[in-house]
Amino acid sequence: MLTNKPKELPESNQYGTAKLPPGQLYTEKFPVMTYGPTPIVEKEHWGLHIHGLVSEEKKWNWEEFMALPQTTLKADFHCVTHWSRFDDDWTGVLFKDFWTEIQGLVSPDATHVMQHAYGGYRTNLPLTWMLEEDVMFAHSLNREPLPTEHGGPLRIFTPKRYGWKGAKWIESLEFMPKDKPGFWEQNGYSNSANPWNEERYWE
Ligand SMILES: Nc1nc2c(c(=O)[nH]1)N[C@H]1C(S)=C(S)[C@@H](COP(=O)(O)O)O[C@H]1N2
Ligand SMILES: [Mo]
């Protein structure tokens, strides 16, 4: 059910911007927004790798990835289809902490990152936006393993962008010398996806 913001919610979020961005409605549900079939990836067969402008195409298995520094973040989720969900606890590895691990392998010429998902979905962001303090590889939602339909075992979550900027079932990150549109970006959605400016469509 979509409603206007309940009265008990604060006016602003932890970033000082509106708790409910313009044009959004509040929901306690968590709708599933997937284009195409849901890939099932067992943790034993799961791996994340880096490619593109890297000196080594390094790969992490589940155990190795879970040994990276873990963070829990309280965050809101905004979908371009006008629903927002508030105050979930997301747990996983911040991209900026992953970057500490890989920085030495990535060429200084890399300016953009393509997230590639199992199943073929892709979305692009500038490296500097990936490095924002809250961009995360998430494996748990409210202390429970992330449900498969929401991207388990691991997804990317970008709280300050509309939902499509985070790939569910993340499989690899490609470091690129210039920008390149991902799946929804190619299909008319905004390249920047800032919910507070209602950057919904590619102008
Ligand atoms: N792999 C993959 N990731 C994806 C998508 C998708 O179709 N496939 N949809 C995106 C869109 S449009 C949104 S709004 C969010 C939705 O996440 P949810 O299904 O957990 O609500 O995932 C994003 N990541
Ligand atoms: Mo979406």
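The text that follows walks through the structure, step by step, so that each part is easy to find.

Reading guide: rules and limits
Residues numbered from 1 in each chain as written. Chains lettered and ligands numbered in written order. Predicted model: local features only at pLDDT ≥ 70, side-chain atom pairs only at ≥ 80, totals over all residues. Heavy atoms only, no water. Near = heavy atom within 4 Å. Polar contact = N/O pair within 3.5 Å; in protein donor to acceptor, adjacent residues only side chain to side chain. Areas by Shrake-Rupley, 256 points an atom, 1.4 Å probe, with all protein chains shown as cover. Helix = DSSP H or I, 4+ residues; strand = E, 2+ residues; numbered from the N terminus. Pairing = 2+ DSSP bridges. Axes fitted to C-alpha atoms, helices over the stretch in contact; angles between N-to-C directions. Contact = heavy atoms within 4.5 Å. Salt bridge = Lys/Arg side-chain N within 4 Å of Asp/Glu carboxyl O. Buried < 20%, exposed > 50% of the residue type's maximum accessible area, 1.4 Å probe, protein only. Phe/Tyr/Trp six-rings, centres within 6.5 Å; stacked < 30°, edge-to-face > 60°. Lys NZ or Arg CZ within 6 Å of the ring centre and 35° of its normal.

Structural notes on the site of ligand 1
Now for step 1: Around ligand 1, a shell composed of 20 residues is seen, among which Pro-31, Tyr-35, His-150, Gly-166 and Lys-168 lie nearest.
Now for step 2: For ligand 1, an oxygen atom lies 2.8 Å from a polar atom in the backbone of Pro-31.
Now for step 3: Interatomic distance of 2.7 Å between a backbone N/O atom of Tyr-35 and an oxygen atom of ligand 1.
Now for step 4: In the complex, 96% of the free accessible area of ligand 1, which totals 530 Å², lies under the protein chains.

Some thoughts on unusual backbone geometry
Now for step 1: For the peptide bond that leads from Gly-152 to Pro-153, omega is 15°, which places it in the cis range.
Now for step 2: With respect to the secondary-structure elements, Pro-153 resides in the loop between strand S9 (144-145) and strand S10 (155-157).
Now for step 3: Although it is not a glycine, Arg-143 adopts a positive phi angle of roughly 70°.
Now for step 4: Within the secondary structure, Arg-143 is located in the loop between strand S8 (136-141) and S9.

Describing the sheet that holds strand S2 (residues 47-52)
Now for step 1: With mixed pairing, the 5 strands of this open sheet are ordered in space as S3-S2-S11-S6-S7. In the strand order of this sheet, the two ends are held by strand S3 (59-61) and strand S7 (122-126), each with one partner. Within this sheet the neighbouring strands show an average axis-to-axis angle of 15°, counted without direction.
Now for step 2: Those strands touched by helix H2 (residues 95-102) are S2, S3 and strand S11 (170-176), and its axis lies near 65° from that of S11.

Comments concerning the environment of Trp-169
Now for step 1: Note on placement: Trp-169 falls in the loop between S10 and S11.
Now for step 2: When near neighbours in sequence (up to four residues on either side) are disregarded, Trp-169 contacts Thr-34, Thr-38, Pro-39, Ala-117, Tyr-118, Thr-148, Glu-149, Gly-151, Gly-152, Leu-154 and Arg-155.

Quick word on the pattern of salt bridges
Now for step 1: A full pass over the atoms with the stated rule returns 12 salt bridges.
Now for step 2: Between Lys-160 and Glu-132 there is a salt bridge, with the nearest N and O atoms lying 3.5 Å from each other. With a gap of 28 residues between them, Lys-160 in the loop between S10 and S11 and Glu-132 in the loop between helix H3 (127-130) and S8 connect regions that are remote in the sequence.
Now for step 3: The exposure class of Lys-160 is buried, given its relative accessible area of 17%.
Now for step 4: Notably, a salt bridge pairs Glu-198 with Arg-200, separated by 2.9 Å at the nearest N-O pair.

A word on the packing of aromatic side chains
Centre-to-centre distance and the angle between the planes together describe a pair of aromatic rings.
Now for step 1: As enumerated under the stated definition, the model contains 26 aromatic pairs in all.
Now for step 2: Between Phe-77 and Phe-157 the ring centres are 5.5 Å apart and the planes differ by 10°, which places this aromatic pair in the stacked class. With Phe-77 in strand S4 (residues 71-78) and Phe-157 in strand S10, this pair connects stretches of sequence that are 80 residues apart.
Now for step 3: Judged by relative accessible area, which is 3%, Phe-157 ranks as buried.
Now for step 4: The ring of Tyr-15 has Lys-160 lying over it, and the distance from NZ or CZ to the ring centre is 4.5 Å.

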